[in-house]
Structures are given as structure tokens and as C-alpha cells.
Protein chains: 2
Amino acid sequence: MTRDELKILIDTTAGRIPAELVIKNASVVDVYGGTVIKGDIAIVDGRIAGVGSYTGIVEHDADGKFAAPGFIDSHIHIESSHVTPEEIGRLLVPRGGTTIIADPHEIANVKGLEAVEYMINAANETVLDIKYMLPSCVPATTFEHAGAAISASDMKEAFKDRQLLGLAEFMDFPGVAFATDSALDRLIVAHEAGVHIDGHSPGLSGLSLNAYSAAGISTDHECTTVEGMHERISRGMYILMRQGSACHDLEILLTGVTPENISRCLLCSDDRQPKTIFEHGHLDDHLRICVRHGIDPIAAIGMATRNAAACFGLSDRGAIAPGLRADIVLLDDLSDFNVRQVYIKGTLVANDGKYLPPVTRYDSSAMESSFHVKDFSEKKLKLNLKSNHVHVIDILPGGVATGKGTATVTLDDNCDFVYDNKVDIVKLAVVERHQNTGNVAVALLRGYGIKAGAIALSVAHDSHNIITTGTSDNDITFAVESLISQGGGVVLAKDGAVVESMPLPIGGIMSAQSGEWVDKKLSDIHDVAHNELGIDKNVDPLMTLSFMALPVIPELKLTDMGLFDVTTFSFTTLEV
Amino acid sequence: MTRDELKILIDTTAGRIPAELVIKNASVVDVYGGTVIKGDIAIVDGRIAGVGSYTGIVEHDADGKFAAPGFIDSHIHIESSHVTPEEIGRLLVPRGGTTIIADPHEIANVKGLEAVEYMINAANETVLDIKYMLPSCVPATTFEHAGAAISASDMKEAFKDRQLLGLAEFMDFPGVAFATDSALDRLIVAHEAGVHIDGHSPGLSGLSLNAYSAAGISTDHECTTVEGMHERISRGMYILMRQGSACHDLEILLTGVTPENISRCLLCSDDRQPKTIFEHGHLDDHLRICVRHGIDPIAAIGMATRNAAACFGLSDRGAIAPGLRADIVLLDDLSDFNVRQVYIKGTLVANDGKYLPPVTRYDSSAMESSFHVKDFSEKKLKLNLKSNHVHVIDILPGGVATGKGTATVTLDDNCDFVYDNKVDIVKLAVVERHQNTGNVAVALLRGYGIKAGAIALSVAHDSHNIITTGTSDNDITFAVESLISQGGGVVLAKDGAVVESMPLPIGGIMSAQSGEWVDKKLSDIHDVAHNELGIDKNVDPLMTLSFMALPVIPELKLTDMGLFDVTTFSFTTLEV
């Protein structure tokens with residue numbers, strides 16, 4: 001703010017000059033005092049000048065509607081919506097989202113810091129304020145190959161040059177707890193840069209959790225139990241209560257919210273697909289759930305606004321108060337949280353669900369061409385098992401965490417697994433696609449339900465290699481080859497033909513199309529997946545598969561290097 | 001923190017190496033969760049490693065005592081205790097104070113930035129962590145002469161070079177509300193330095209308060225009503241609830257604390273004399289008052305710890321949690337808050353009321369010799385009134401704010417005021433002492449009660465000119481001359497003799513003696529003031545007088561330049 005801007009702000013606030021814009025007759029949600037104040041909101045230069053009685057050059061009558069601060073999503077991966085930053089703005093802003101804290105680690109695993117740069121540039125094309133965290137764990141672990149690696153020295157450079165808010169979710173929680181060199185190198189870079197560090201510590205407790213907190217990691221969005229939540233809060237961490245497309249932790253965690261600890265609780269999406277946004281909304285959905293579970297509506301809004309601002313040091317927003325950014329959401333009431341109008345920096349940017357600014361796109365061509373697969377062929381899918389008593393990856397409800405199961409399976413003469421259509425166990429393969437390593441790892445998956453054909457995706461957290469499963473090696477091979485030809489995305493194959501597909505040209509994980517297009521495509525894919533491939537209707541055919549390669553969520557996962565036991569943080573064998 | 005320190009911290013936290021010190025068997029106050037956790041506190045390198053079950057190279061058994069985070073006084077003027085920073089550490093630490101946010105504006109008004117430097121250096125001699133704010137208003141107004149002026153460009157330099165936490169209480173609230181050049185210049189320096197700005201806005205409300213908040217001023221410690229408190233909180237400000245020697249606002253403000261707004265409430269002293277510290281304590285006293293008024297004890301401790309840390313961006317303290325400074329207070333219970341042991345950065349620094357470190361002193365000689373009074377003589381006290389219907393400064397209960405009263409007085413042949421021993425109205429004079437201006441301003445004071453002799457002080461907020469009152473010009477003159485000879489402090493005179501005195505050689509406002517010495521001296525002075533000079537026993541003879549020259553607290557005050565109406569922020573006449 002310049003001296004002239006400060007003078008204009010004060011003169012406007014004091015009522016000596018008319019405001020640029022006044023939102024008249026609002027019921028202003030006061031998240032600091034927990035009250036509602038009837039009055040006008042004066043705005044100048046994108047900032048709130050004051051709440052009171054004001055006149056403006058332009059006046060909008062709020063007609064008594066509730067005015068809340070703009071909602072802040074405290075943790076989201078834009079890439080998981082399969083749309084670009086420009087498009088996520090178009091989708092979230094009409095739902096009241098005005099700021100998101102985004103971790104671009106999906107695309108960074110494909111294209112490294114160049115991708116972070118792309119995401120920052122693309123974000124400039126939307127009015128949604130996208131604050132990026134620098135991905136901390138690219139690759140997520142040393143037990144897989146990704147398209148890029150971001151080293152501690154890369155991070156040091158990145159914090160110098162870029163507008164990055166902090167270090168993104170530190171998934172290498174065993175590395176922190178054991179103070180490995182790699183973890184220390186990265187942590188110290190963040191400490192020296194004086195930035196916030198986000199956490200990711202599913203299931204961590206006791207002394208290991210103490211260590212994680214002592215390292216300066218101040219949030220967790222992977223907390224799924226009240227006990228874990230309370231332990232984290234007393235260790236000084238903020239809880240980012242998640243309600244995404246894949247994970248629904250909010251209702252459980254709300255039972256652990258108390259008047260004493262609520263200021264340490266925030267709301268986040270983590271992953272939120274267009275379908276979820278269209279059907280349920282964004283943080284407006286979180287707020288409805290909060291209120292339905294007995295949280296005072298103003299306190300709930302506080303979690304989505306001031307608490308997030310406090311946690312991330314965003315001192316310029318988080319409330320409707322003089323001097324803060326004029327990010328304002330007008331709501332019909334404080335129970336349905338139906339978003340009517342949204343203002344960002346004092347400009348009306350959404351009206352009755354419609355995003356108003358022109359939609360422009362940043363050039364994403366540098367993010368294409370991300371398939372470098374060496375010598376893939378059907379024979380790479382063959383197993384040579386020493387025993388028919390094997391480990392299987394058991395899909396669990398939710399589709400993100402898995403169980404380390406065992407089963408007795410049929411083997412052929414070459415000791416390869418034989419698919420039995422009466423048993424819900426199939427081959428799962430991860431095909432490395434970034435570095436021409438030629439790596440293909442194969443394991444067994446139970447509970448996916450597929451009964452015909454195969455499916456292949458280039459969306460496989462977090463390294464985004466190709467993940468694929470099917471009832472025959474032939475179908476799997478065809479699906480993988482088709483996916484590579486298509487340049488990434490999703491392919492469903494059956495009887496030697498592609499029966500449905502969705503190209504995702506940006507890094508193999510994102511589309512340049514609209515959220516509506518993505519939603520329609522995903523819906524078609526789900527239909528075909530359930531109805532033609534027979535995938536279990538209780539399983540999300542894409543999301544579930546995309547998490548099977550993520551070696552930081554327990555219990556058993558598959559990377560391009562082999563079967564990985566997250567509990568012991570080491571590879572294990574298929575044979576029991 | 002270096003990489004090696006981080007590794008040792010994590011290894012200690014995870015229990016792989018023994019802690020340097022473990023406080024065993026504590027009832028740990030968890031200010032984030034609002035709970036008490038039984039366990040050990042492990043400490044290494046001055047930081048809390050963890051709370052849980054730990055072994056240490058050294059172990060102290062807390063025997064079940066409550067362990068609270070070290071208390072943070074969010075606003076104090078050390079000079080008002082009339083002792084040095086080293087000594088305030090000795091006095092406050094045994095009461096649980098581990099951090100104070102100090103505004104050295106009293107001494108800065110005498111000696112400018114050189115004095116701030118002295119205060120910083122002196123603070124290094126105590127374990128109490130003294131965080132200094134840079135005085136924002138030296139002189140407090142343009143309506144008086146102080147010993148120094150700190151300009152906006154001085155501030156810009158100071159923020160570059162010094163470890164200053166922010167800009168201290170911005171007393172020029174009319175300047176802010178009217179966006180004067182001088183206020184804008186100083187505000188913008190703080191904005192550009194990205195520092196916190198403390199407020200001082202007695203009685204401000206409505207659009208002017210909006211303007212004050214819009215300017216980026218984020219606290220107020222001058223708030224004395226629940227209405228004002230709630231208005232400030234909804235405008236985004238923190239309330240520093242004051243319980244000092246002069247002002248007792250805490251009990252009233254506590255009635256306005258709610259579960260919704262408590263995180264915006266802090267505790268402060270502003271001014272705290274040794275007598276108050278010895279008789280009542282420090283923030284332990286505030287905590288007792290809080291609990292007596294129905295505040296949950298953990299929430300009360302939260303106001304004195306985590307809220308203060310949050311408000312001032314002290315992310316390294318404010319709770320007992322891994323990685324934070326090991327500033328810990330052991331208490332017998334959570335009702336009497338009897339402080340047993342105090343640890344600062346993991347070292348035991350106070351035990352059962354005794355300060356343990358050696359007391360060393362920084363050289364204060366540069367702060368002496370601060371009297372530059374030109375041509376003072378009795379004739380400068382003469383009035384030449386145009387009317388016998390005059391304004392009088394009415395002392396109000398509390399002794400800080402005053403009323404703008406009127407009275408009809410007797411005049412002599414030269415139209416000078418004649419003292420009438422049946423009427424409690426006397427001459428009040430301010431004698432400029434810094435710049436040889438020769439300024440002497442005279443007004444009339446009602447309610448002080450003095451019946452014989454005179455009193456003169458060189459402690460007169462904030463410019464610290466000489467303030468004096470008495471029943472005759474002769475007595476006043478003698479007191480002022482004696483005070484100058486003494487090099488500052490306090491002089492009580494009667495019948496041509498000094499009947500009691502207290503030298504304050506450091507800037508004329510502070511002693512290099514102990515708190516006990518100051519307390520005894522002040523007590524003797526009070527006795528003589530009440531018993532020999534007849535000053536009203538309901539009036540604090542020194543503190544009340546010292547506030548009569550402070551032109552930023554309403555309603556009527558006297559500076560060396562004349563009678564000042566704080567309500568209109570302009571000079572006024574003695575005659576009605």
C-alpha cells in the first residue's frame with residue numbers, strides 16, 4: 001500500500017470521501033466477535049474501508065443478506081479436479097471460495113519446478129487468489145520414480161524467487177521422525193526461509209508426532225480421528241478438517257471441536273472433483289455440514305476464514321474489517337449457505353452461481369508430452385511367484401487407505417497368477433512413464449470388482465506413473481498402449497477396443513477443458529467402468545485406482561519399483 | 001536453528017537421546033486444546049522437545065504441579081516502574097513473566113533513539129525476554145517539547161538496524177483519523193517494514209475507529225468499556241486488557257469476554273510500579289482476577305500466552321508444545337496462581353519468588369544529565385487572567401483522565417490567581433527541561449488536595465518536562481529548583497526546605513537502584529505527601545500528577561506550551 005492509497009483508505013473510512021463501492025444493508029458476519037452487525041460495507045482500492053453507515057459512488061443493496069468474509073480453502077490440489085487453475089477459479093468462486101492454499105505437487109511430480117511456474121502463471125488468469133505452497137516431497141518417497149525431483153537446494157532457490165507461501169505437506173513423516181538427512185535438508189530450508197510448513201501425518205502419534213511437530217510442521221489434513229485431532233492440537237498443530245471427493249473426515253472431526261480448540265480448526269478439500277463441486281459445492285458444503293452438526297454458524301465461518309488466515313499468516317484477509325481485502329460472500333442465510341454474490345478485492349465476480357470475469361487461459365503447451373515409457377510389452381506383466389499364498393492390496397472403504405491382505409491364488413505352469421472370475425482378485429500394474437526406466441511393477445488387488453477388460457490411468461498419486469488393472473494381461477497391455485498413444489488420461493478397454501477414454505494432456509493429469517466437460521467425461525467413464533467392466537459400484541473406479549500407487553498412505557501400495565509396505569516404509573514381497 | 005540443532009531436537013523429541021532437562025510429573029496446561037495433560041516436559045537447547053514420557057540428563061520433579069507457558073505482558077513501559085530493564089527482569093520473572101512487549105517511549109522522549117539503544121542493551125543483562133516496540137509518537141504531540149523527536153525517516157532507519165518488534169502505541173489517534181501528513185509518514189514506514197502497529201485510542205468509536213483500524217493499527221490497551229472493547233474486536237483489533245498501577249480496567253473488560261472473542265483478548269500492565277508488583281504480583285495477579293471473575297483458568301492463561309504470541313507474531317512461544325521456547329511457569333494450582341518455579345529457555349531462573357541469575361547492569365551513564373532549563377524563576381508562574389471564571393483541570397477517579405471543569409476564583413491586583421485554603425484549587429505548572437526553551441505553562445488543578453508546600457517531578461508523561469504544583473509560587477519555585485539541582489526525580493518541599501525526595505538520574509525518570517529501594521522511597525514520599533503536604537489520600541500524589549501533562553488522554557491537560565483540550569486536540573484558554 002502506498003502512502004497515497006493509505007490516505008485514500010483512511011479518508012474513505014472516516015467518511016470524508018465517498019467509497020468506490022458500498023454494499024448497503026448487509027448483515028455483516030463478525031468472525032472476531034462472533035456476532036452479526038447490521039450495516040454497510042465501504043470498499044476502496046480493493047480493501048474494506050469500514051463497516052457502518054456509508055455512501056459510495058456505486059452502491060449495491062444487499063437487502064439484508066448476510067455478508068461473510070471470502071472462504072479460504074486451507075489445502076487443495078487443483079490437479080485432482082483435472083482442470084487448470086483458471087478453471088478451478090471459475091468453479092470455486094461462485095461457491096464463495098476467494099482464496100485457496102494449493103499444493104501443486106501432482107503436476108510437480110510430472111514436470112518439477114517448471115510446472116510450479118506454470119501453475120503460478122495460470123493462477124494469474126483467475127480472480128481466485130491461489131496461494132501456492134512449494135511441494136516438499138517430489139518424489140513423495142525414494143521408493144518410486146517421478147517425472148522430476150525437487151531437491152533441498154532447488155527449494156532454497158524457489159523460496160528466493162517465487163511468491164510461495166510455504167512448504168507443502170511434508171509427506172515423508174518417517175523421514176522427519178527419524179531425522180533423515182533428506183528430511184533435515186528440506187526442513188532447514190523452510191526454517192531459514194521463515195515459511196510455514198504443512199503436514200501430512202496419517203496415524204502418527206506419541207513421540208513420533210512430537211518429533212513431527214518439533215520439526216516446525218504446523219498442520220495436518222490427514223487426521224481422521226478425534227483422538228488424533230486432539231493430540232495434534234495440543235502439540236501445537238492446526239487441523240485442516242477435510243471434506244473432499246475421496247476423503248470425508250469432516251463429520252467425525254466435528255465431534256472433536258470444542259470452544260477451546262476451535263481456533264485451531266480449519267476447513268479444506270484436499271481433492272475436489274467437478275462432480276462434487278457441482279453437486280455439493282465447495283466450502284459452502286463444509287459450512288452446511290458444520291452447522292448440521294451443531295457448530296455455531298459464525299464459528300463455522302470463522303474456521304473457513306479467520307482461522308485459515310491466522311494459520312497461514314495471511315494478515316490481509318479472513319474477516320470483514322477495515323483495511324482487509326474486500327473478499328466478501330453474500331449469503332441468503334447461515335444454515336443453507338446459499339451463495340448469492342461474491343466479491344474479490346471489491347469487485348463483484350460471481351452472481352447467483354455464475355462466474356462473471358472473462359475466462360482467459362495461460363498457455364499450457366509446455367506441460368504436454370510427458371510420456372517416456374521404455375519397452376513396455378505384455379511380458380512385463382508376468383509374475384513368477386514362489387508360492388500361491390500371497391499378499392493382496394485390499395481396497396478399504398474410502399478408497400485411499402488399503403489393507404495388507406493375504407490370499408491363496410491359482411498359479412499357471414510359469415508360476416504366474418491366473419485370474420478366476422469367481423474371485424475378486426486381479427493384477428495391478430504400475431508402468432513408469434517419466435524417465436524411460438522401463439520399470440513395470442505388478443501386484444494383486446482385491447475388492448475392485450472388475451470383471452472384464454482393463455483400465456489404465458496416468459493419474460496415480462503422487463508420481464503419476466501409469467496405473468492399470470484388468471482381468472487379462474492382454475487387455476491391460478492394450479489399455480496401457482492406448483493410453484500412451486492418447487498422451488495420457490484415462491482409457492477403458494474391452495475386447496481389444498477402447499470403450500471409453502478421457503485425454504488429460506496437461507502432464508497426463510489435467511484437462512484444458514471446462515469443469516462441465518470433465519464432469520461429463522468422468523460420469524461417462526464411471527458408467528462404462530461399472531456397467532461394462534463390472535467394477536464394483538461401491539468403488540470409485542478412477543479415484544480408488546489413482547491412490548493405489550501412493551506410498552505414504554498405509555497400508556500396502558504399489559510403486560513402479562515394487563510392492564510397498566507403508567507401515568514399515570519398505571518394499572515387501574508378493575509372497576507371504 | 002541450525003541443521004544440527006534441528007537433528008538434536010528431533011532425536012530428543014523422538015526419545016532416541018536423553019533430554020538435557022526433563023521436568024517430570026507435571027500437569028501441563030494445554031492452551032491450544034484447553035486441557036491439562038499429565039506428563040513430563042523434555043527440554044533441549046532451550047526448546048521444548050516434547051510432552052510425554054521422557055528421561056533426561058537432569059530431571060526436576062514437578063510433583064504434579066501445573067506447568068503453564070511463560071506469561072507474556074503485551075504492553076508495558078518499564079520506565080513507569082522507575083527501575084532499569086535489568087531490574088524489571090528481576091522483579092517480574094519470579095511472578096511468571098518470561099516475555100514483555102515494552103514500549104520505551106518515556107525514556108525516548110528524553111533521549112531519543114539513543115535511549116532505545118540503551119534499553120535494548122540493558123535488556124540483554126536479564127533473562128526476561130524484553131521485546132521492544134519503536135516509540136511512534138516522540139514527542140507525543142506537536143503541542144509540547146520533549147527531549148527528542150523521532151521522525152519517520154529515523155523510524156525507517158531504526159527498523160533496518162534494530163531488533164524491534166513493531167511500532168509502539170500510536171497515540172496520535174486524531175492524526176490517524178484525519179490522515180495528517182505526519183501520521184501517514186510514520187504509518188507507511190511501519191507498513192513498508194511489515195511490522196505490527198500498536199494502538200492507543202481512548203474513547204475512539206464509529207468511523208474514526210474504523211479509520212484507526214484501517215490504518216493497520218491492531219491493538220488497544222486504552223479500552224475501558226465493554227462497548228468499546230466489542231467495537232474494537234469487530235474492527236479486527238486485539239484488546240490488551242490493562243491492570244496496572246494507575247489503571248484498573250481488567251475487571252470491567254472481563255465482563256465483555258466471550259468464548260467467541262476471547263482469542264482477541266490479551267493481558268497487559270502498561271504501568272506497574274514496584275509496590276504493585278510486590279503486593280499483587282504481575283500477570284499472576286491478572287490471572288487471579290480473571291478466574292475470580294469466572295474465566296476458565298486455562299483460557300485465562302491462554303490470554304497471557306498464546307493470544308499474546310499470536311497478536312505479536314511470536315511464533316516461537318506461547319504454549320508448551322514441541323519446538324517452542326522452553327519458557328515454563330510451575331504453579332501450585334490454577335486459582336491462586338502461586339508461582340513456584342520459572343524456566344526461561346529451559347533454565348531455572350526463579351524459585352519460590354527468588355530471581356536466580358546474577359544481576360548485572362549495563363552502563364547507564366549516557367542517560368544522565370537531562371536538565372536544560374533556561375531562566376526559570378518565580379515570575380514565570382504568574383498568571384494574568386482576563387476573568388475570574390476559569391477552566392480547571394478536574395482530577396477524576398483513576399487519576400489519568402481528567403475533566404474540563406470550570407470555577408470562579410479569586411484574583412489579586414495583578415489578575416493572578418490567589419490560593420484559598422478552603423478551596424481545593426492550586427496552580428499547576430509545566431517547566432520545559434530538555435531544550436532550553438524557557439517555556440513555563442501554568443494552569444489550575446482541582447481535586448489534588450495539597451494544603452501546604454509544593455511538589456515537583458521530572459516524571460510527566462510523555463515529554464517528561466517538570467510538572468509541579470503547590471500552594472504558593474514560592475514553594476513551587478523552591479521545589480523546581482531543588483529538583484533541577486538533584487538531577488531529576490521527585491522533590492517535596494515545605495517551608496523552604498526539601499522534606500522528601502527521590503533522585504531518578506536515568507533520564508530524570510528511572511533509578512539505578514533496586515525495586516525494593518524504589519518502593520521504599522515511593523512509600524516514604526506518599527506518606528509525606530499525604531501527611532505533611534495534605535494531598536488527598538484518595539489521590540496517588542505522584543502518578544496522578546505525572547499524567548496531568550499527557551495531551552493524548554482526555555479531557556484537559558497542560559503541556560509546556562499551554563492548556564490543552566484533548567477533545568478538540570487544540571490549546572484552550574484558562575478563561576472560560
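Residues numbered from 1 in each chain as written. Chains lettered and ligands numbered in written order. Predicted model: local features only at pLDDT ≥ 70, side-chain atom pairs only at ≥ 80, totals over all residues. Heavy atoms only, no water.

The next thing to look at is the overall build of chain A. Of the regular secondary structure elements, chain A holds 16 helices and 28 strands. Expected size for 576 residues packed as a compact globule is a radius of gyration near 25 Å; at 24 Å, chain A falls within 12% of this value. Across the 576 residues that make up chain A, the buried fraction comes to 65%. Long-range contacts, defined as pairs at least 24 residues apart, comprise 68% of the intrachain contacts of chain A with a sequence gap of at least 6. Summing over all exposed atoms, chain A offers an accessible surface of approximately 18,600 Å²; the carbon and sulfur share of this is 49%. Computed over 46 positive and 77 negative side-chain charges, the separation of the two mean positions in chain A equals 2 Å. (Helix = DSSP H or I, 4+ residues; strand = E, 2+ residues; numbered from the N terminus. Rg over C-alpha atoms; globule rule 2.2 N^0.38 Å. Buried < 20%, exposed > 50% of the residue type's maximum accessible area, 1.4 Å probe, protein only. Contact = heavy atoms within 4.5 Å. Areas by Shrake-Rupley, 256 points an atom, 1.4 Å probe, with all protein chains shown as cover. Lys, Arg positive; Asp, Glu negative; His and termini not counted. Charge placed at Lys NZ, Arg CZ, Asp CG, Glu CD.)

All names here are of chain A. Of note, Q273 is situated in the loop between β13 (265-268) and α10 (274-280). Taking relative accessible area as the criterion, Q273 reaches 10% and is therefore assigned buried. Excluding its chain neighbours within four sequence positions, the residues that come into contact with Q273 are S80, S81, H82, S245, L522 and M543.

Looking now at the pairing of strand β24 (residues 489-494) of chain B. Residue and element names in this part refer to chain B. Most of β24 sits inside the fold, with 5 of its 6 residues counted as buried. The pairing of strand β22 (residues 454-457) with β24 spans 4 bridges and is classified as antiparallel. Within the sheet, the bridge partner assigned to A454 lies in β24 and is A493. Relative to strand β25 (residues 497-503), β24 runs antiparallel, the two sharing 6 bridges. Bridging across to β25, V490 finds its partner in M502. Where β24 hands over to β25, the hairpin turn is made up of 2 residues, of which D495 adopts a positive phi near 50 degrees. (Pairing = 2+ DSSP bridges.)

All names here are of chain B. Extensive coverage of strand β15 (residues 339-344) is indicated by the burial of 5 of its 6 residues. By the bridge criterion, 4 bridges tie strand β14 (residues 328-331) to β15 in an arrangement that is antiparallel. Among the inter-strand pairings, L330 is bridged to a residue of β15, identified as Q341. The antiparallel hairpin formed by β15 and strand β16 (residues 347-351) contains 2 residues in its connecting segment, where K345 sits at a positive phi of about 45 degrees.

Our next topic: the nonpolar core. Within the largest apolar cluster, 346 residues are counted, with the highest numbers of intra-cluster contacts made by F170 and M241 of chain A together with F170 and M241 of chain B. When neighbours within four sequence positions are excluded, F170 of chain B is seen to be in contact with S136, C137, V176, A183, R186, L187, I197, D198, G199, H200, Y212 and I217 of chain B. (Core = buried A, V, L, I, M, F, W, Y, C linked by side-chain atoms within 4.5 Å.)

Detailed reading of the predicted coordinates is not advisable wherever pLDDT falls low. Summarising the model, chain A shows a mean pLDDT of 96, and 100% of its residues fall at 70 or more. Model confidence for the complex is summarised by a pTM of 0.94, with the ipTM given as 0.92. (pLDDT = per-residue confidence, 0-100.)

Aromatic ring pairs are reported here in terms of the distance separating the ring centres and the angle at which the planes meet. All names here are of chain B. The final tally for this structure, using the stated rule, is 13 aromatic pairs over all chains. Plain terms: the ring middles of F143 and F564 are 4.6 Å apart, the flat faces sit at 40 degrees to each other, and that makes the pair tilted. In this pair, F143 is assigned in the loop between β8 (129-134) and α4 (152-161) and F564 in strand β27 (residues 562-565), connecting sequence segments 421 residues apart. Across this residue pair, the class does not change: F143 and F564 are buried. Taken together, a centroid distance of 6.5 Å and an interplanar angle of 55 degrees make the contact between F173 and F569 tilted. One end of the pair, F173, is in helix α5 (residues 173-177); the other, F569, is in the loop between β27 and β28 (570-571), and 396 residues separate them in sequence. Site record: aromatic cluster; members linked through ring pairs are F143, F173, F564, F569 and F571. (Phe/Tyr/Trp six-rings, centres within 6.5 Å; stacked < 30°, edge-to-face > 60°.)

Once that is clear, we can look at the sheet that holds strand β12 (residues 238-242) of chain A. Strand pairing in a sheet is mediated by backbone hydrogen bonds. Such pairs are either parallel or antiparallel. Residue and element names in this part refer to chain A. Taken in spatial order, the 3 strands line up as β11-β12-β13 in an open sheet, and their pairing is parallel. Edge positions in the open sheet fall to β11 (219-220) and β13, since each of these has one partner strand only. Across 2 bridges, the pairing between β11 and β12 is parallel. Note that in β12 the partner of D220 across the bridge is I239. Here helix α11 (residues 283-292) sits on the sheet in contact with β12 and β13, set at roughly 130 degrees to β13. (Axes fitted to C-alpha atoms, helices over the stretch in contact; angles between N-to-C directions.)

Listed as interface residues are 52 residues of chain A and, on the opposing side, 51 residues of chain B. Surface buried jointly by chain A and chain B totals about 4,100 Å² across both partners, of which 60% is contributed by carbon and sulfur atoms. At the junction of chain A and chain B, the tally comes to 4 salt bridges. The salt bridge involving D181 of chain B is made with R3 of chain A; its shortest N-O contact spans 3.2 Å. In this structure, the connection of chain A to chain B is made through 14 residue pairs in polar contact (both at pLDDT 80 or more). Within the residue set of the side of chain A that touches chain B, elements represented by two or more residues are α1 (3-13), β3 (47-52), α5 (173-177), α6 (181-193), α7 (206-214) and α8 (226-234) of chain A. (Buried area = accessible area lost by both parts, 1.4 Å probe. Salt bridge = Lys/Arg side-chain N within 4 Å of Asp/Glu carboxyl O. Polar contact = N/O pair within 3.5 Å; in protein donor to acceptor, adjacent residues only side chain to side chain.)

Before going further, it helps to spend a moment on the sheet that holds strand β10 (residues 196-199) of chain B. All names here are of chain B. With respect to topology, 5 strands assemble into an open sheet ordered β6-β7-β8-β9-β10, the strand pairing being parallel. Unpaired on one side and paired on the other, β6 (71-76) and β10 mark the two borders of the sheet. Between one strand axis and the next, the sheet turns by 30 degrees as a mean value, whatever way the strands run. Alignment of strand β7 (residues 97-102) against β8, held across 4 bridges, turns out to be parallel. Pairing of T99 across the sheet is with D129, part of β8. Contacting β8 and β9 (164-170), α4 crosses the sheet at an angle of about 150 degrees to β9.

Residues and elements named next belong to chain A. For α6, spanning 13 residues, the distance from its first C-alpha to its last is 18 Å, which sits close to the expected 18 Å at 1.5 Å a residue. For α6, the complete set of buried residues consists of A183, L184, R186, L187, I188, V189 and A190. Looking one or two residues beyond α6, the residue adopting positive phi is G194, at roughly 70 degrees. (Expected span 1.5 Å × (residues − 1).)

Residue and element names in this part refer to chain A. Take D172: it is sitting in the loop between β9 (164-170) and α5. In the structure, D172 is positioned 16 residues away from I188 in sequence and 14 Å away in space, judged by C-alpha atoms. Those residues in contact with D172 that lie beyond four places of it in its chain are C137, T180, A183, R186 and F569. Among the polar contacts made by the side chain of D172, one reaches the main-chain amide nitrogen of G175 at a distance of 2.9 Å.

A separate point is the relation of the copies chain A and chain B. For the pair chain A and chain B, the best superposition has an RMSD of 0.1 Å and corresponds to a rotation of 180 degrees with a translation of 0.0 Å parallel to the axis. Expressed as a symmetry operation, the mapping of one chain copy onto the other fits a two-fold axis. Taking C-alpha positions as reference, the residue of chain A nearest the rotation axis is P259 of chain A, located at 3.2 Å. (Least-squares fit on C-alpha atoms with pLDDT ≥ 70 in both.)

For the coordinates displayed, the defined rule picks out 70 salt bridges over all chains. With a closest N to O distance of 2.8 Å, D327 of chain A and R325 of chain A form a salt bridge. No difference in accessibility class separates D327 of chain A from R325 of chain A, as the two residues are buried. The shortest N-O distance in the salt bridge between D11 of chain B and R16 of chain B comes to 2.6 Å. The exposure class assigned to R16 of chain B is partly exposed, which follows from its relative accessible area of 37%. Three or more residues are tied together by salt bridges with common partners; here these are D129, K131, D316, R317, R325 and D327 of chain A.

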